[in-house]
Amino acid sequence: MLLDVIELTKTYRGGVRANDGITVQVAAGEVFGLLGPNGAGKTTLVHQVLGQLVPDSGSIRIDGDDVVSKPALARELCSFQPQAAAPVEGLSPRQAIDIVGRIRGGSKEEVRRRGTVLLDALDMSSIADRPVPLSGGMARLTGFCMAAVVPGRLVILDEPTNDVDPLRRRALWQLIQQLANDGAAVLLVTHNVLEAERCVDRLAIIGDGRLLAEGTPASLKSNLGAPLRLECTLEGTETPDLPPWLTLVAANGRRLIAHVQISDVNATMSWATAAQDDRVLAEFALTPASLEDVYAAWIKTEGVAA
Amino acid sequence: MTELVRSVALLLRWNALRLRQITMILLMLQVVLGVGVIYGFAFLVPHITPTVALFFTTGAPSVVLIMLGINIIPQEVAQARTNGRYLYVSALPVPRLAPMLAEVLFWVFVQIPGTIVTLVIAILRFHIHLHVSLLVIPAVILVSLTTAALGYALAASIPPPVTSQLASVLGIAVMLFSPINFPLSRLPHWLQDVHHVLPVTYMADLIRGTLTGQYDTARTTAFAILGAWCVAGLVLSSRAAARRG
């Protein structure tokens, strides 16, 4: 494994335990998702990998080297997109990408060529040379390009899709996948569970600083116990009585989500169609269970504050 | 060493691009600061003797240089810690001293025109002749680097909201309670003893000595003691930059 995080524990002053015995491993060529609610300890884990925080106990190895005792090596081996927008005020996206690419050891020509490829792929060519205040999404995309222009062996992306419009987000996922295809290990911290499902090879769910679940999207979904989800929009706000074969997952205002077994598909369709005719349901959809269901189930099961 | 030079050059370019739209304003503010010191202090002393004039003339550029570490660098570090730039740069593969040196070089470049203009205005205002030594160049570099390194180490170690208040207090201490624009002997004995340890006196002596050709003994002592402070500042900056939570 390129990244080996073993039994990592970190407690902040004041006694808040942000990471509690977390073990995570990421291989070269793999996109590994780190999912969890706000305050789960994801960013704390990232900053320990980068050598900016020192763990209380546990070990972090990158390509076999202990980076807790060698933080300079961590900075050498990792390229990083922070959770906050990259600090690019006053610079054009191309200038920011050029400077970081050169700092990361790229040649002038190679950095310029690779930067242009990234900017074109993200449809940013028209603003690439303008040192103007960037929108939140553009600043974030620039931050991604700064991390990807001369990628480290480990590329750490903290919420890369926040504020990004849908079309550019699609291109961004392709570029993230490409980083892994080119041999980097990608550690992806995200809230965007549904979109991450298409991109990650494996993932871990973290809550209250603990590792709750870890595996491939398929293996985690198979453990869910229900392969289908029924998503309903109610006509009113009162939750209707559900038939016994439906497992209620979430009811929030007029939105209702329940899990369904394959053997109950016909009965579910009949019940939902009748409820729609009776104007109990405004609309419904029966779809395969997603990573979001896995995520919600784990957070709910563990009683984690989401 | 090559890596340090390369990193400093690239971070210096980052600073220059980041601040290019306000560089002219910053240059002018440095001139205003220097002129303010010259004319403001003159109001405090009704009869300007040649000695007073000499202190004011050589003290003004010293104040401009010392303010680099008292005010400008700490404010920049505090801002960088608040907006995430400090943390971002700390995740890049650059030597620990590189961000500080890049800041210092940029601001010394911004300050040099202001320092020269301040000196010229002081000469015209007080009608005195200086005997500028070539040693003024290493003196300016040493004073800038020392004050900036100490300011960087301080700002990297205290909470950013405190930095601005502390800079104001230190600014007053330097302007009113340090022997820059007046001789050390005018201060109470206990404060003279304090200034025998602190670097401000030696910074002022060094600039004064290299601009006037006087105070040879003080100048040599100042180079030695300030050199020690400079090394201490660089070590403290490096440690502050390498500190991990």
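Residues numbered from 1 in each chain as written. Chains lettered and ligands numbered in written order. Predicted model: local features only at pLDDT ≥ 70, side-chain atom pairs only at ≥ 80, totals over all residues.

Okay, the overall build of chain B next. Of the regular secondary structure elements, chain B holds ten helices and zero strands. Secondary structure elements in chain B, listed N-terminal to C-terminal, are α-α-α-α-α-α-α-α-α-α. In terms of C-alpha radius of gyration, chain B reaches 18 Å, essentially the compact-globule figure of 18 Å for 245 residues. Each of the three principal axes of chain B carries a C-alpha extent, and together these read 55 × 40 × 35 Å. For chain B, the proportion of its 245 residues judged to be buried stands at 44%. Restricting to contacts in chain B with at least 6 residues of sequence separation, those with at least 24 account for 82%. (Helix = DSSP H or I, 4+ residues; strand = E, 2+ residues; numbered from the N terminus. Rg over C-alpha atoms; globule rule 2.2 N^0.38 Å. Buried ≥ 20, exposed ≤ 12 C-beta atoms within 10 Å, placed from the backbone. Contact = placed C-beta atoms within 7 Å.)

On average, residues of chain B score 88 in pLDDT, and 98% of them are at 70 or above. Two numbers describe this predicted complex: its pTM, 0.85, and its ipTM, 0.84. (pLDDT = per-residue confidence, 0-100.)

Now for the packing of helix α3 (residues 50-83) of chain B against helix α6 (residues 136-157) of chain B. Residues and elements named next belong to chain B. Viewed as axis vectors pointing N to C, α3 and α6 meet at an angle of 35 degrees, and their least axial separation amounts to 8 Å. Along this stretch, α3 crosses α6, giving a crossing that reads as right-handed. Along its contact with α3, which presents Leu65, Ile66, Leu68, Gly69, Ile70, Ile73, Pro74, Val77 and Ala78, the element α6 presents Val140, Val143, Ser144, Thr147, Ala148, Leu150, Gly151, Tyr152, Leu154, Ala155 and Ala156. (Axes fitted to C-alpha atoms, helices over the stretch in contact; angles between N-to-C directions. Left-handed = near helix turned anticlockwise from the far one by under 90°.)

Across the boundary between the two partners, chain A contributes 22 residues, which contact 21 residues of chain B. It is helix α3 (residues 93-103) of chain A that contributes the most residues to the side of chain A that touches chain B, five residues altogether.

Residue and element names in this part refer to chain B. Running from amino to carboxyl end, helix α5 (residues 98-126) crosses α6 at an angle of 130 degrees, the nearest separation of the two axes being 10 Å. It follows that α5 is oblique to α6 by the angle criterion. Like other packed secondary-structure pairs, α5 and α6 cross with a definite hand, here right-handed. On α6, the residues touching Met100, Glu103, Val104 and Val108 of α5 are Ser144, Leu145, Ala148, Ala149 and Tyr152. Of the residues that constitute the contact of α5 with α6, the class distribution is seven nonpolar, one polar and one charged. (Parallel < 35°, antiparallel > 145°, perpendicular 65-115°, else oblique. Nonpolar A, V, L, I, M, F, W, Y, C, P; charged D, E, K, R; others polar.)

Our next topic: the sheet that holds strand β13 (residues 255-260) of chain A. Residue and element names in this part refer to chain A. Taken together, four strands build an open sheet; the order of strands is β12-β13-β11-β14 and the sheet is antiparallel. If you trace the sheet from one side to the other, it starts and ends with β12 (247-252) and β14 (281-288), each paired once. In this sheet, adjacent strand axes meet at a mean angle of 15 degrees when their direction is disregarded. Here seven bridges tie strand β11 (residues 228-234) to β14, and the two strands are oriented antiparallel to one another. In the strand pairing of β14, Leu230 is matched with Leu286. Contacts from helix α9 (residues 265-277) reach β11, β13 and β14, with the element oriented near 160 degrees to β14. (Pairing = 2+ DSSP bridges.)

Turning next to the domain arrangement of chain A. Splitting chain A by domain gives domain 1 (3-216) and domain 2 (225-288). A C-alpha centroid distance of 38 Å is found between domain 1 of chain A and domain 2 of chain A. (Domains from an automatic or database assignment.)

Another point: helix α9 (residues 200-212) of chain B. Residues and elements named next belong to chain B. The end-to-end C-alpha distance of α9, which contains 13 residues, comes to 18 Å, matching closely the 18 Å that a straight helix rising 1.5 Å per residue would cover. For α9, the tally of buried residues reaches twelve of 13 residues, placing the bulk of the element in the interior. Downstream of α9 by a residue or two, Gly213 has a phi angle that is positive, lying close to 75 degrees. (Expected span 1.5 Å × (residues − 1).)

The next subject is the environment of Leu198 of chain B. All names here are of chain B. Along the chain, Leu198 turns up in the loop between α8 (189-197) and α9. Judged by C-beta crowding, with 15 C-beta atoms within 10 Å, Leu198 ranks as partly exposed. Considered as a pair, Leu198 and Ile137 are 61 residues apart in the sequence and their alpha carbons are 22 Å apart.

Moving on: the sheet that holds strand β1 (residues 3-11) of chain A. Residues and elements named next belong to chain A. One open sheet accounts for four strands, arranged β2-β1-β4-β5; its pairing is antiparallel. The open sheet has two edge strands, β2 (17-26) and β5 (65-66), and neither has a second partner. With five bridges connecting them, β1 and strand β4 (residues 57-62) associate as antiparallel partners. Residue pairing across strands places Leu3 opposite Ile62, the latter belonging to β4.

This part covers the environment of His259 of chain A. Residue and element names in this part refer to chain A. Along the chain, the position of His259 falls in strand β13. Classification of His259 by C-beta neighbours within 10 Å gives buried; the count is 20. Counting along the chain gives ten residues from His259 to Val249, while the straight-line C-alpha distance between them is 6.8 Å. Other than its neighbours up to four places away in sequence, His259 contacts Ala226, Arg229, Thr247, Val249, Ala289 and Asp293.

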